[in-house]
Amino acid sequence: MKKNFNKISNSLPYKSIRAIEDPQVNLELKRIFKNFSKNNKKIIDNKKIHQIFCNKYLKWIKNSKNNKLKNLSKFKYLNFANGSSQVFDYFYSKYKNKRFRAFRGEYVYHYISWRNHYKNWKFLDKKLNLKKNDAVVISLPFSDSGSKHPLMNKLIQICNKKNIPVLVDCCHLAMCKGINFDFNQKSIKEISFSMSKNFPVSRLRIGMRLSKIDDDDPLFFLNKLALVNKFSAYVGLKLLQKFKFDYIYEKYKDKQLKYCKKLKVKPSNIVAIATGDQKWKMYNRGGDWNRLCLSSLYEKK
Ligand SMILES: Cc1ncc(COP(=O)(O)O)c(C=O)c1O
């Protein structure tokens, strides 16, 4: 039997992390879909829409007032991706001869991919015993706590020294406040961003990869030939033209505090996430935190 990494009961109300069904965003999505149905051929034939989306998406991220993200410009190459997951897949194949490392509590997709296809992998622990032939994936904010991992800076320094490639997954960043990080690190080869968690569009697969070099890998190949989902790029572009990066955080920050007080849990930097004490251990995903997603509470009328 294959190892099951996700043991949390589906019946628990605050289980999986997901975007808030924000009424304004959903109204805008309706408008975008209507417009698409009128112009679909034009959008699909637009050779540059994914590049326009990526350039605007990076500017949008950099305009965050709530987070200090330094030196993203060092990553000159932007590629549209089918969500962060597509970026992960190419990172795995690029470093297939290395041993993959991630903390417990990361996105379960990594462990499932490695379990099935890349057997040489190991959880990271507090000792940070990294070896020269490792490759690291880490989310910022950290998926399990909703805040920067307490060992992230130390981990990156070791990777810089040992020449260990790192992928930073920023999937949750667009609903955060207080994430401060300098991306100018030798070890960080790629960064992934996605709209799946800040807007309810995870099924449209709207993501982007930032890289330091053009290594002409399959994602570069697809982007150069414009073989990407133009509809998703179009939706992404329209959403970032309508809403600011900090929109979701600012709109729901008071609700986060209200519900955290009510449930006696701790708010995280991600507005939709809180962490709980032992009383909430049924929400433990194998890491150090008991993580609750509060999105459903914010949608109550
Ligand atoms: C930490 C983290 N990274 C990445 C993803 C994948 O998102 P997507 O591929 O939709 O961008 C998820 C989804 O739950 C996640 O929790």
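Note that the structure is a prediction, hence the values are computed from the model and not measured. (Residues numbered from 1 in each chain as written. Predicted model: local features only at pLDDT ≥ 70, side-chain atom pairs only at ≥ 80, totals over all residues.)

> Help me out: how do you make sense of the overall build of the chain in this one?
What the chain contains, in helices and strands, is 9 helices and 12 strands. Dimensions of the chain, computed from C-alpha atoms along their principal axes, come out at roughly 55 × 50 × 40 Å. Within the span of the chain, comprising 301 residues, buried residues form 41% of the whole. Taking contacts inside the chain between residues at least 6 apart in sequence as the whole, the part at least 24 apart equals 71%. (Helix = DSSP H or I, 4+ residues; strand = E, 2+ residues; numbered from the N terminus. Buried ≥ 20, exposed ≤ 12 C-beta atoms within 10 Å, placed from the backbone. Contact = placed C-beta atoms within 7 Å.)

> Got a minute to help me understand unusual backbone geometry in this structure?
In most cases, non-glycine residues show a negative phi, while peptide bonds are predominantly trans. Here the amide bond leading from leucine 140 into proline 141 is cis, since omega sits at -5°, within 30 degrees of zero. In this structure, proline 141 sits in the loop between β5 (134-139) and α5 (152-162). A positive phi angle is found at leucine 128, which is not glycine, with a value near 50°. Mapped onto the secondary structure, leucine 128 falls in the loop between β4 (121-124) and β5. Take leucine 128: there are 14 C-beta atoms within 10 Å of it, and that puts it in the partly exposed class. Despite not being glycine, asparagine 163 shows a phi value in the positive range, around 60°. Checked against the element boundaries, asparagine 163 lands in the loop between α5 and β6 (166-169).

> How do you make sense of the site of the ligand when you look at a structure like this?
Within the structure, the ligand sits among 13 residues, and Gly83, Ser84, Ser85, Ser194 and Ser196 are positioned closest to it. The element contributing the most residues to the shell around the ligand is helix α3 (residues 83-94), with 3 residues. Residue composition of the shell around the ligand, grouped by class: 3 nonpolar, 9 polar and 1 charged. (Near = placed C-beta within 6 Å. Nonpolar A, V, L, I, M, F, W, Y, C, P; charged D, E, K, R; others polar.)

> How should helix α2 (residues 49-62) be read in this particular structure?
A turn of α-helix holds 3.6 residues, and therefore any two residues three or four places apart point the same way. Relative to the 20 Å expected for 14 residues at 1.5 Å per residue, α2 spans 20 Å between its end C-alpha atoms, a close match to the ideal helical length. The set of residues buried in α2 consists of Ile49, His50, Phe53, Cys54, Tyr57, Trp60 and Ile61. Taken down its axis, α2 places every buried residue within 135° of arc, on the same side. (Expected span 1.5 Å × (residues − 1). Arc of directions from axis to C-beta.)

> I would appreciate a short explanation of the sheet that holds β5 in the present structure.
Sheet strands pair via backbone hydrogen bonds, and the direction of the pair is either parallel or antiparallel. Strand order in this open sheet of 7 strands is β2-β9-β8-β6-β5-β3-β4, and the pairing throughout is mixed. Each having just a single partner strand, β2 (77-81) and β4 make up the two edges of the open sheet. Taking each pair of neighbouring strands and ignoring which way they run, the sheet shows an average axis angle of 20°. Alignment of strand β8 (residues 188-194) against strand β9 (residues 207-211), held across 5 bridges, turns out to be antiparallel. Considered in β9, the bridge of isoleucine 191 is made with leucine 210. Each of β2, β8 and β9 touches α2; the most contacted strand, β2, lies at about 110° to it. (Pairing = 2+ DSSP bridges. Axes fitted to C-alpha atoms, helices over the stretch in contact; angles between N-to-C directions.)

> Please explain the environment of aspartate 45 as it appears in this structure.
With respect to the helices, strands and loops of the structure, aspartate 45 is situated in helix α1 (residues 23-45). Judged by local crowding, aspartate 45 falls into the exposed class, with 10 C-beta atoms found within 10 Å. In the structure, aspartate 45 is positioned 181 residues away from alanine 226 in sequence and 9.5 Å away in space, judged by C-alpha atoms.

> Teacher, can you tell me more about the environment of lysine 62 here?
Assignment of secondary structure puts lysine 62 in helix α2. With 13 C-beta atoms counted inside 10 Å, the residue lysine 62 sits in the partly exposed group. Residues lysine 62 and phenylalanine 245, 183 residues apart in the sequence, show an inter-C-alpha distance of 8.7 Å.

> Would you take a moment to explain helix α8 (residues 247-263) for this structure?
End to end, α8 covers 25 Å across 17 residues, agreeing with the expected 24 Å (1.5 Å per residue, within 8%). Within α8, burial applies to Ile248, Tyr249, Tyr252 and Gln256. Elements that come into contact with the buried residues of α8 comprise β10 (266-267) and α9 (295-298). Positive backbone phi, approximately 60°, marks lysine 264, located one or two places after α8.

> Is there a simple way to explain the packing of α3 against helix α4 (residues 108-117) in this structure?
A pair of packed helices can be characterised by two numbers: the angle between their axes and the separation between those axes. Contact geometry for α3 and α4: axes closest at 11 Å, N-to-C directions at 35°. Crossing of α3 against α4: the hand is right-handed. Counting all contacts with α3, which are made through Ser85, Phe88 and Tyr92, the residues of α4 involved are Tyr109, His110 and Ser113. Class assignment of the residues belonging to the contact of α3 with α4 gives a composition of 3 nonpolar, 3 polar and no charged. (Left-handed = near helix turned anticlockwise from the far one by under 90°.)

> Would you mind showing me how to read the pairing of β4 here?
Residues in a regular strand point their side chains to alternate faces of the sheet. Pairing analysis gives 4 bridges linking strand β3 (residues 99-103) to β4, with the strands arranged parallel. The residue bridging phenylalanine 103 from the neighbouring strand is leucine 124, located in β4. A crossover links β3 with its parallel partner β4, the connecting element being α4, and its sense is right-handed. (Right-handed = clockwise from strand over helix to strand, strands pointing away.)

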